[in-house]
Amino acid sequence: MAAHYDHGHTPAAWTGVIISFIGFCAGGVFMVAAQPVPFWGSMAVILLGPLVGGIMKMMGMGRKEQTYVSTPAVRAEEPQKEAAAHA
């Protein structure tokens, strides 16, 4: 069975991306409108996204650490031993 990967589908990841996306869209509008002060404010909002996402992850809203249990690999017997056993 294939392992489950969530690729960061957590409240912390979604919140950080949404905040950065809003800042990116606003920055594009203000750049086209030739408004430098709101543009740089939008750049600050873009940088605020990962900060908020990281804080939310530390609060327990991020991806949980997975523990992996390693099991020894099963080795097939060598063909010579199988041939000798059947003879």
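The shown structure was predicted, so the numbers you read here are calculated from the model rather than taken from an experiment. (Residues numbered from 1 in each chain as written. Predicted model: local features only at pLDDT ≥ 70, side-chain atom pairs only at ≥ 80, totals over all residues. Heavy atoms only, no water.)

Caption draft 1: Main features of the confidence of the model for the chain. When pLDDT is averaged across the chain, the result is 80; 64% of the residues are at 70 or more. Here helix α3 (residues 79-86) stands out as the least confident element of the chain, with mean pLDDT 60; helix α1 (residues 11-32) is the most confident, with 92. (pLDDT = per-residue confidence, 0-100. Helix = DSSP H or I, 4+ residues; strand = E, 2+ residues; numbered from the N terminus.)

Caption draft 2: Just a nonpolar patch on the surface, in detail. There is a patch of nonpolar side chains on the surface, built from Leu-48, Leu-51, Ile-55, Met-58, Met-59 and Met-61 and spanning about 620 Å² of accessible area. You can see Ile-55 is positioned in helix α2 (residues 36-61). Overall, the relative accessible area of 39% leaves Ile-55 in the partly exposed class. (Patch = residues over 30% accessible without salt bridge, like charges linked within 9 Å, V, L, I, M, F, W, Y side chains within 5 Å. Areas by Shrake-Rupley, 256 points an atom, 1.4 Å probe, with all protein chains shown as cover. Salt bridge = Lys/Arg side-chain N within 4 Å of Asp/Glu carboxyl O. Buried < 20%, exposed > 50% of the residue type's maximum accessible area, 1.4 Å probe, protein only.)

Caption draft 3: Highlighting the packing of aromatic side chains. One pass over the full model with this rule turns up one aromatic pair. Summarising the aromatic geometry, the rings of Phe-39 and Trp-40 are spaced 5.0 Å apart at their centres and angled 75° between planes, so their arrangement reads as edge-to-face. Residue class for Phe-39 comes out buried when judged on its relative accessible area of 17%. (Phe/Tyr/Trp six-rings, centres within 6.5 Å; stacked < 30°, edge-to-face > 60°.)

Caption draft 4: How the structure looks around α2. With 26 residues, α2 extends 35 Å from end C-alpha to end C-alpha; this agrees with the ideal 38 Å at 1.5 Å per step. A maximum bend of about 25° is found in α2 at Leu-48, where proline Pro-50 lies one to four positions downstream. Looking only at α2, the buried set comprises Phe-39, Ser-42, Gly-49, Gly-53 and Met-56. On the buried face of α2, the contacting elements are α1. (Expected span 1.5 Å × (residues − 1). Bend = angle between axes of the 7 residues up to and from the residue. Contact = heavy atoms within 4.5 Å.)

Caption draft 5: Region of the structure containing the side chain of Ser-42. Counting through the fold element by element, Ser-42 comes out in helix α2. Apart from residues no more than four positions distant in its own chain, Ser-42 is found in contact with Gly-23, Ala-26, Gly-27 and Phe-30.

Caption draft 6: Up close: the packing of α1 against α2. In the contact formed by α1 and α2, the axes pass within 8 Å of each other and the chain directions differ by 180°. Between α1 and α2, the interaxial angle falls into the category roughly antiparallel. Tallied by class, the residues present in the contact of α1 with α2 amount to 17 nonpolar, eight polar and one charged. (Axes fitted to C-alpha atoms, helices over the stretch in contact; angles between N-to-C directions. Parallel < 35°, antiparallel > 145°, perpendicular 65-115°, else oblique. Nonpolar A, V, L, I, M, F, W, Y, C, P; charged D, E, K, R; others polar.)

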